[in-house]
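Examining the three-dimensional arrangement
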Amino acid sequence: MNIRMVYGAFTFAAAVLAAGCASAPEEAVAQPRAAAQETAPQARAADPFWAAKAPRRESRVKLTIVEGSNMPLAEAELDGVKCTLLVDTGATHTTFDLSFVKKALPDVLLQPVLMMGETNVEGAPRFMQAKSLKIGEAVFEDFGAMALDISHLHKAIGVHIDGILGMSTLGRVPCIVSLGGGELVFAPGAEALAGFGARVRRSPAEPMSVFLKAGTPGGVVEILVDSGASMTILSSATKWPATGEAVRAPAVDINGSAGLAPRMGEKGVLDLAGGIEIKPMIVEEPMNRLGADTLRAYDMLVAGPFAAFRRR
């Protein structure tokens, strides 16, 4: 059984932004720790990745879903230059392909990033300041992003992409990710809650990621809601029943390809937000991801420290 998996782009933590380093291209730039466990603008005032201006009215963006990899893509404009972005709720930071940045924005200042804590990024990311990112009618202004070589993701996804739209941007205002509806909605108004189930609090330990607590036969675990992962994956530690059928699936993340030897899991209901129907792949590695295969059947709302779902 030939299955392609694309893991969420990346998750990393970095050191505190050094005073005055914005004018020193050789000094390391990085992400400060969150000032609070919320995504309100005042909680991110010192975060260089947080857009100074964000949409204040509802904005709808068409998503193109790549068949075979389930990846949601959105057309955008970075500082007036057109680009194609992977909409990835599993990525903490918005990131642009280094070659795209150098070609499209040759005058942009790229500064080294000092990595800290757990990360799956093995490359050499650079910090860059963006004037604006226009996605549909939604405009984000004056924010920081990453530049990194992500060329290997083109083959994995099946199409060329210029970057990854991560939670540093998606979390700026309430947003609805609808893979089944082929739409991304930036929804600042409270009416966005209509039709959604109970709100589920995101993990305060990972404020830049959509980690939610879910009940499994092996107990309660944290699961990453990851629109940048093709398949839903559960660790064998969750004791989710498997069919016994082994599959070979190439796993692709921000660094390249790796091999996993998962088993097919049985179809069932994950105890999350009133019940999410899944048919996961079971792996020995300690990873739990709610991927695009599952999300195509649900709309997901991310609003501040909460997430909610509604069945399509």
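Before going into details, it helps to say that this report is about the structure given with it. (Residues numbered from 1 in each chain as written. Predicted model: local features only at pLDDT ≥ 70, side-chain atom pairs only at ≥ 80, totals over all residues. Heavy atoms only, no water.)

Observations concerning the overall build of the chain
- Each helix and strand in the chain was counted, giving four helices and 28 strands.
- Buried residues in the chain amount to 55% of all 312 residues.
- A sequence separation of at least 24 residues applies to 65% of the contacts in the chain between residues at least 6 apart.
- Summing over all exposed atoms, the chain offers an accessible surface of approximately 13,400 Å²; the carbon and sulfur share of this is 51%. (Helix = DSSP H or I, 4+ residues; strand = E, 2+ residues; numbered from the N terminus. Buried < 20%, exposed > 50% of the residue type's maximum accessible area, 1.4 Å probe, protein only. Contact = heavy atoms within 4.5 Å. Areas by Shrake-Rupley, 256 points an atom, 1.4 Å probe, with all protein chains shown as cover.)

Looking at the nonpolar core
- Counting 65 residues, the largest nonpolar core has Leu 184, Phe 186, Leu 272, Leu 290 and Phe 309 as its most contacted members.
- Not counting the four nearest positions on each side in its chain, Leu 272 is found in contact with Val 200, Leu 212, Lys 213, Ala 214, Ile 223, Leu 290 and Phe 309.
- Residues Val 185, Phe 196, Leu 301 and Ala 308 belong to the second largest nonpolar core, which totals six residues. (Core = buried A, V, L, I, M, F, W, Y, C linked by side-chain atoms within 4.5 Å.)

Details of the side chain of Ser 230
- Relative to the helices and strands, Ser 230 resides in the loop between strand 17 (219–225) and strand 18 (233–235).
- Judged by its relative accessible area of 1%, Ser 230 is buried.
- A polar side-chain atom of Ser 230 sits 2.4 Å from the main-chain carbonyl oxygen of Ser 69. (Polar contact = N/O pair within 3.5 Å; in protein donor to acceptor, adjacent residues only side chain to side chain.)

Focus: the pairing of strand 11 (residues 138–148)
- Extensive coverage of strand 11 is indicated by the burial of eight of its eleven residues.
- When strand 7 (residues 95–97) meets strand 11, the two strands line up parallel, connected through three bridges. The partner of Phe 96 across the bridge, within strand 11, is Ala 147.
- Two strands pair when backbone bridges link them, and strand 10 (residues 126–135) and strand 11 are joined in this way by nine bridges, in the antiparallel orientation. Residue pairing in the sheet places Ala 130 in a bridge with Phe 143 of strand 11. (Pairing = 2+ DSSP bridges.)

Overview of unusual backbone geometry
- Even without glycine at this site, Asn 70 takes up a positive phi of about 65°.
- In this structure, Asn 70 sits in the loop between strand 4 (64–66) and strand 5 (71–78).
- Look at Asn 70 and you get buried, because its relative accessible area is 13%.
- With a phi angle near 60°, Lys 239 is a residue other than glycine that sits in the positive phi range.
- Within the secondary structure, Lys 239 is located in the loop between strand 18 and strand 19 (242–246).

Description of the packing of aromatic side chains
- In this structure the tally under the stated criterion is two aromatic pairs.
- Aromatic side chains Phe 49 and Phe 127 sit 5.4 Å apart centroid to centroid with 80° between the ring planes, which places their arrangement in the edge-to-face category. Of this pair, Phe 49 sits in the loop between strand 2 (13–14) and strand 3 (59–62) while Phe 127 sits in strand 10, and the two are 78 residues apart along the sequence.
- Between Phe 140 and Phe 186 the ring centres are 5.3 Å apart and the planes differ by 70°, which places this aromatic pair in the edge-to-face class. Of this pair, Phe 140 sits in strand 11 while Phe 186 sits in strand 14 (residues 183–186), placing them 46 residues apart in sequence. (Phe/Tyr/Trp six-rings, centres within 6.5 Å; stacked < 30°, edge-to-face > 60°.)

With respect to the pairing of strand 27 (residues 298–303)
- Counting buried residues in strand 27 gives five out of six residues, a clear majority hidden from the surface.
- Pairing of strand 27 with strand 28 (residues 306–311), which is carried by six bridges, proceeds in the antiparallel orientation. Following the sheet pairing, Met 300 is matched in strand 28 by Phe 309.
- The loop that links strand 27 with its antiparallel partner strand 28 comprises two residues; one of these, Gly 304, has a positive phi angle of about 60°.

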